[in-house]
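Structural overview for review
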Amino acid sequence: GPGGGASKEATATAHMCGTVRGAALAFMLCLRAVSAEPGSASCRELLCPDDATVSSLVARASYAAVEGGSRPAGGCAVLLAIPPLTDELRARTIAALDAAPDFKFGNGRRQFLPELLLASYFADHPCRTPWPETSALPPAAASSAVPVLYVFALPAHALTMFRPSEAAPLLKQQWQLLEGLLASPAFARSPSCHVLLHTSTAKLRSVFGRTSRAKLESASGLIALSFEGPGGDRRLGAYSAPALRTRTIPYFIEETRLVEQALGQFERGAAPAQLLAAFARAREAAGLGARIYLRASFGKTYSKTYRAGGRGKAPAERHPREQLSVAFAHVPGADVLIHSSQLDADGPLAQQATFLATMAAMRNSTFCLVPRGITATSRRLFESLAMGCVPVLVSDSSALPFSSRNSSREGGAANWDSAIVRQPEAQIADLPARLGAISSAQVRALKAAGASLLRLLLYVAPPAGSERSHAGGAGAGRAVMEELSRLAQAKSGCALSMSAVPSESRLETRRAPAVTSQQFRMSELVPAELLRAVASSETLVLTVCSASDSQKYSRGQKRPTAVADCVRWLRSLRTAGYTGPVLILGGTRSAGALVNAAASHGPTWVIDELEAKLPTSPPLSGPDLRNKIAVLPGAAFENFEKRTGSPGLQDLVPLSGNQLRLVWYIYTLRQIAAAAPDARVLAVDARDVHFQLEPLGALDAAARKVQPGPRCGLLFVGDCKSCSAVQDSYFQRQGVRCLPAASLALIGSSNPPLNGGVLLGTAKLMLRLYTRAATLAAGADAECRAMGRDQHLITAAGSELQQDATLARVSPVCLLPNDASVQAAAANLGINNDIRGMFRLDEERGVVVSVPLDAPVAILHQFDRRKALVQFLKRDH
């Protein structure tokens, strides 16, 4: 910029240049962003709201943003299978559009954004089923009880918005993807179950390539999502959508609140000077609005298309736009003007000024004429509704979005008729008299119906914290999903029978609603369906997968858990034979890869965003605070109570790291223990645990051998072999330094530290264990809490429970030594253990075996600390 200052846009561009994969592509995209063609406008000359960037719109069109993360009512009527690698292609396209100087707020070409917005809604939809890159078909294709739809979610039109040289590598990737899909077993097997998201009005060949064009045009079974609907685009080379399997979708329109904000800037003179001047010129051309209003172009393209006989009209007849201009030429209160220029031929500055001037005029008008153009439909229809102007639709072949829905529901055909005025093209001459006869009361009813209908036609949810315009809106993604569900269910061959598979094992994404802490009620943390599953199976495997700030550690402490580690962990658990419910907790919103893995690996739930939903302290409120920490020595308790203030406070002392994990377990186990107090819960680390055999059965079997008698209420595994806690280097750094003397006395001088990464017990005793451990954490000083470790806390809490005489009689606390010569249920392979001669890598069976017992080890903990073991597992798993 002038003076050498780096603008926000330039900084974002530099970041994008450093992160786009592929040097050649990065160079071309960045060249486009930083060296725009002469005369192109930047955000120094345009209004560029942060909320209007393509990346912001795409994020706010996602299922999570629109629906708040809640599952579809009634579950998944269909599963969405999005082919591998299309997510990456869309991400690269979005980055390029954000950097493009001529694709800013108000640009006419943004009307085609639904191909990206709908793809975003589908991408994180709870009903999306995984499709690994190495698989010809998604796993659900062979076992799903509901239809599986294959979605061609490609950024087709977006790629036509760049210069040919810039678009070439992206188009090539898109064509290769599409050719592979059309030649795949998935397409050959069920072509009627494929969805073509084709929002472009460009020729099919230029968008999808020569090879794929013929296959797409001959694939009459495709479900098509199109702006125009069947027969709406009859230009040479346009896609001829199958009439019975086409669903019309709305164009994208800019958010009303952003339009109003921009117009307010003009009124205050707060816009860039060049834009203010351009707006003044555009306002003069657009007018101030009228009772009957239209500004439209009629260039050579329209004339050629129409006079060539399109839509079956005789060559001598005038285009409807010309007819409207003649019909309203002398009607009082009408401002109808058809000009020869086309808006998309103007530069970015003129486009934004003209767009905002036209929106201002529509806002001040009663009836907005909506004639067809080159195609049957126009975004003017949706802009009129957004600005509170009654649309007057003059197009015989226009297909309205979602008009096939049941008319008794919001957004059905009856609602369109109550919100707009339709006029046949052959009766344009009668339109002035018809509009003149509509009363003020009728106008108010039309506008009210239009405002209600608009909610169904929007793709993008307002940003968090903003005042929600069109409350309950952004329903386009949901409506499209409903249309697809009905089409898929009416068509045979999209699903296979699954009568032999238990319902609890069907592939579904189970994710708790994404809400703020203010909206959240802790009593609703655990979904009811998960509680029922735990009560039915009497088992649960519980873990934390979080890479949030609160879960990070300093050098020398815990390593962060990557999403890939969690996915690998879940896969190994299911491969090992565990079929019961799994619950994965997370601090922030979980990555799509984890949610997709949950969808394809048995009954698995993800409850994330816990840093927003839950306190960071253990629940020590109420008059029984002193009883809950009664074991704490008197002086330590007085210090604890003095530091935390009133015992009635909910948030007493904030915890972090693995200590925060204790808090999450407490709130989760509260509900689980209330529903199924005796259910067996295995709490296990995700980052460094690998399962070879079904873990719960293996642990119980090992416990019966080591400690005969009543079934163990809690089962611990020692963290090291033949060592004591007070002599262990890890325990010395935290336990000896941070635990009260009474707790250290209970641990004793010979007991080992307990492995906090593998714990098995009944839900009620696990809750008791974690509550005690978190209480000890909250009672420690700030330095001890800052360490974020929990092994010493679990060791102390477990030692206290071992001393409970009542538990010893009916539900004893058991300890498995970390010794492969005694048990093969769980092995801690950490560097503080000497494992020489204890384990063998069985190449023939692909398992790690206990040498003394000649048996596979069910749970391998801290396997990532052994290089040879990691290489072995990579080869065989």
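Our structure's up above, just so we're on the same page.
Please read these numbers as outputs of a predicted model, since none were measured by experiment. (Residues numbered from 1 in each chain as written. Predicted model: local features only at pLDDT ≥ 70, side-chain atom pairs only at ≥ 80, totals over all residues. Heavy atoms only, no water.)

It is the contact of helix 27 (residues 657–675) with helix 31 (residues 763–779), at a shortest axis distance of 9 Å, that shows an interaxial angle of 150 degrees. By the criterion of interaxial angle, the relationship of helix 27 to helix 31 is roughly antiparallel. Relative to helix 31, helix 27 is oriented so that their crossing is left-handed. For the pair formed by helix 27 and helix 31, the contact residues are Gln 659, Leu 662, Tyr 665, Ile 666, Leu 669, Arg 670, Ile 672 and Ala 673 on the first element and Ala 763, Lys 764, Met 766, Leu 767, Tyr 770, Thr 771, Ala 773, Ala 774 and Ala 777 on the second. When the residues that make up the contact of helix 27 with helix 31 are grouped by side-chain class, the tally is 13 nonpolar, 2 polar and 2 charged. (Axes fitted to C-alpha atoms, helices over the stretch in contact; angles between N-to-C directions. Helix = DSSP H or I, 4+ residues; strand = E, 2+ residues; numbered from the N terminus. Parallel < 35°, antiparallel > 145°, perpendicular 65-115°, else oblique. Left-handed = near helix turned anticlockwise from the far one by under 90°. Contact = heavy atoms within 4.5 Å. Nonpolar A, V, L, I, M, F, W, Y, C, P; charged D, E, K, R; others polar.)

Another point: the sheet that holds strand 16 (residues 689–691). Spatially, 3 strands are ordered 16-24-20 in an open sheet, and the strand pairing comes out mixed. Each edge of the open sheet is held by one strand with a lone partner, namely strand 16 and strand 20 (826–828). The sheet shows a mean angle of 15 degrees between the axes of neighbouring strands, direction not considered. The pairing of strand 16 with strand 24 (residues 859–861) spans 3 bridges and is antiparallel. Across the sheet, the residue bridging to Phe 691 is Ile 859, located in strand 24. (Pairing = 2+ DSSP bridges.)

Right, let's talk about the packing of helix 12 (residues 273–286) against helix 15 (residues 348–363) for a bit. Here helix 12 crosses helix 15 at 50 degrees, and the two axes come no closer than 8 Å. When the axis of helix 12 is compared with that of helix 15, the two are oblique. Judged by the twist between their axes, the crossing of helix 12 over helix 15 is right-handed. Across from Gln 274, Leu 275, Ala 278, Phe 279, Ala 282, Arg 283 and Ala 286 in helix 12, the residues of helix 15 making contact are Leu 349, Gln 352, Ala 353, Thr 354, Leu 356, Ala 357, Thr 358, Ala 360 and Ala 361. Partitioned by chemical class, the residues of the contact of helix 12 with helix 15 number 11 nonpolar, 4 polar and 1 charged.

Attention now moves to the state of the cysteines. Summed over all chains, the structure comprises 6 disulfides. Between the sulfur atoms of Cys 43 and its disulfide partner Cys 48 the distance amounts to 2.2 Å. Since a negative S-S torsion denotes a left-handed disulfide, the Cys 43-Cys 48 link at about -100 degrees is left-handed. Among the residues examined, Cys 43 registers a relative accessible area of 29% and is labelled partly exposed. A sulfur-sulfur distance of 2.1 Å marks the disulfide that ties Cys 368 to Cys 389. The disulfide joining Cys 368 to Cys 389 has a torsion of about 110 degrees about its S-S bond and is therefore right-handed. Pair noted here: Cys 368 is in strand 8 (residues 367–371) and Cys 389 is in the loop between helix 16 (380–386) and strand 9 (390–394), with a separation of 21 residues, a long-range link. Cys 368 gets classed as buried once you look at its relative accessible area, which sits at 1%. Looking at Cys 389, the relative accessible area reads 2%, which means it is buried. (Disulfide = S-S within 2.5 Å. Buried < 20%, exposed > 50% of the residue type's maximum accessible area, 1.4 Å probe, protein only.)

Attention shifts here to the pairing of strand 14 (residues 604–607). Of the two faces of strand 14, the one lined by Thr 604 and Val 606 and the one lined by Trp 605 and Ile 607 are each fully buried. Sheet topology places strand 13 (residues 582–585) next to strand 14; 4 bridges connect them, and they run parallel. What sits directly across from Val 582, in strand 14, is Thr 604. The handedness of the strand 13 to strand 14 crossover, carried by helix 23 (residues 592–600), is right-handed. (Right-handed = clockwise from strand over helix to strand, strands pointing away.)

Strands sit in the order 1-2-3-4-5 across an open sheet of 5 strands; the sheet is parallel. Each edge of the open sheet carries a strand with a single partner, namely strand 1 (79–81) and strand 5 (246–248). With direction set aside, neighbouring strand axes in the sheet form an average angle of 25 degrees. Where helix 6 (residues 114–123) meets the sheet, its contacts fall on strand 1, strand 2 (148–152), strand 3 (194–197) and strand 4 (223–226), and the angle it forms with strand 3 comes to roughly 140 degrees.

In total, this model carries 28 salt bridges according to the counting rule given. In this structure, Arg 128 engages Asp 87 in a salt bridge whose closest nitrogen and oxygen atoms are separated by 2.9 Å. Taken together, the residues Arg 128 in the loop between helix 6 and strand 2 and Asp 87 in helix 5 (residues 86–99) connect sequence positions 41 residues apart. Overall, Arg 128 belongs to the buried group, its relative accessible area being 9%. On the accessibility criterion, Asp 87 (31% relative accessible area) is partly exposed. Among the salt bridges present, the one from Asp 804 reaches Arg 768, with a minimum N-O distance of 2.7 Å. Linking Asp 804 in the loop between helix 33 (791–802) and helix 34 (805–810) with Arg 768 in helix 31, this pair joins segments that are 36 residues apart in sequence. One network of salt bridges, with partners in common, ties together Asp 51, Arg 60, Glu 255 and Arg 257. (Salt bridge = Lys/Arg side-chain N within 4 Å of Asp/Glu carboxyl O.)

Checked against the element boundaries, Asn 818 lands in the loop between strand 19 (813–816) and strand 20. In this structure Asn 818 comes out as buried when scored by relative accessible area, which is 8%. In this structure the C-alpha to C-alpha distance between Asn 818 and Asp 719, which are 99 residues apart in sequence, comes to 6.3 Å. Apart from residues lying up to four places away in sequence, Asn 818 is in contact with Gly 718, Asp 719, Cys 720, Lys 721, Gln 823, Ala 826, Ala 827, Asn 828 and Asn 833. At 2.9 Å, the side chain of Asn 818 forms a polar contact with the backbone nitrogen of Asn 828. (Polar contact = N/O pair within 3.5 Å; in protein donor to acceptor, adjacent residues only side chain to side chain.)

Among the nonpolar cores identified, the biggest contains 89 residues, and Leu 117, Phe 122, Leu 149, Phe 152 and Trp 416 are the most heavily contacted of them. Each residue touching Leu 117, except ones within four places of it in the same chain, is listed here: Leu 57, Val 58, Ala 61, Phe 252, Tyr 459 and Val 460. Membership of the second largest hydrophobic core comes to 55 residues, among which are Leu 530, Leu 585, Ile 672 and Ala 763. (Core = buried A, V, L, I, M, F, W, Y, C linked by side-chain atoms within 4.5 Å.)

This brings us to the environment of Asp 98. Checked against the element boundaries, Asp 98 lands in helix 5. Each C-alpha atom, one on Asp 98 and one on Thr 53, is 6.1 Å from the other, the two residues being 45 residues apart in sequence. Residue contacts for Asp 98: discarding those within four places in its chain leaves Thr 53, Val 54, Ser 55 and Lys 104. Within the structure, Asp 98 has its side chain in polar contact with the side chain of Ser 55 (distance 2.6 Å).

A word on helix 33. For helix 33, spanning 12 residues, the distance from its first C-alpha to its last is 16 Å, which sits close to the expected 16 Å at 1.5 Å a residue. Buried residues dominate helix 33, accounting for 11 of its 12 residues. Those residues of helix 33 that sit buried are Gln 791, His 792, Leu 793, Ile 794, Thr 795, Ala 796, Ala 797, Gly 798, Ser 799, Glu 800 and Leu 801. (Expected span 1.5 Å × (residues − 1).)

Attention now moves to the packing of aromatic side chains. Within the structure shown, the criterion is met by 11 aromatic pairs. Pairing Tyr 251 with Phe 382 gives two aromatic rings, centres 6.4 Å apart and planes at 50 degrees, and the pair type is tilted. With Tyr 251 in the loop between strand 5 and helix 11 (256–268) and Phe 382 in helix 16, this residue pair connects regions lying 131 residues apart in the sequence. (Phe/Tyr/Trp six-rings, centres within 6.5 Å; stacked < 30°, edge-to-face > 60°.)

Any link to function would need more than the numbers given here.
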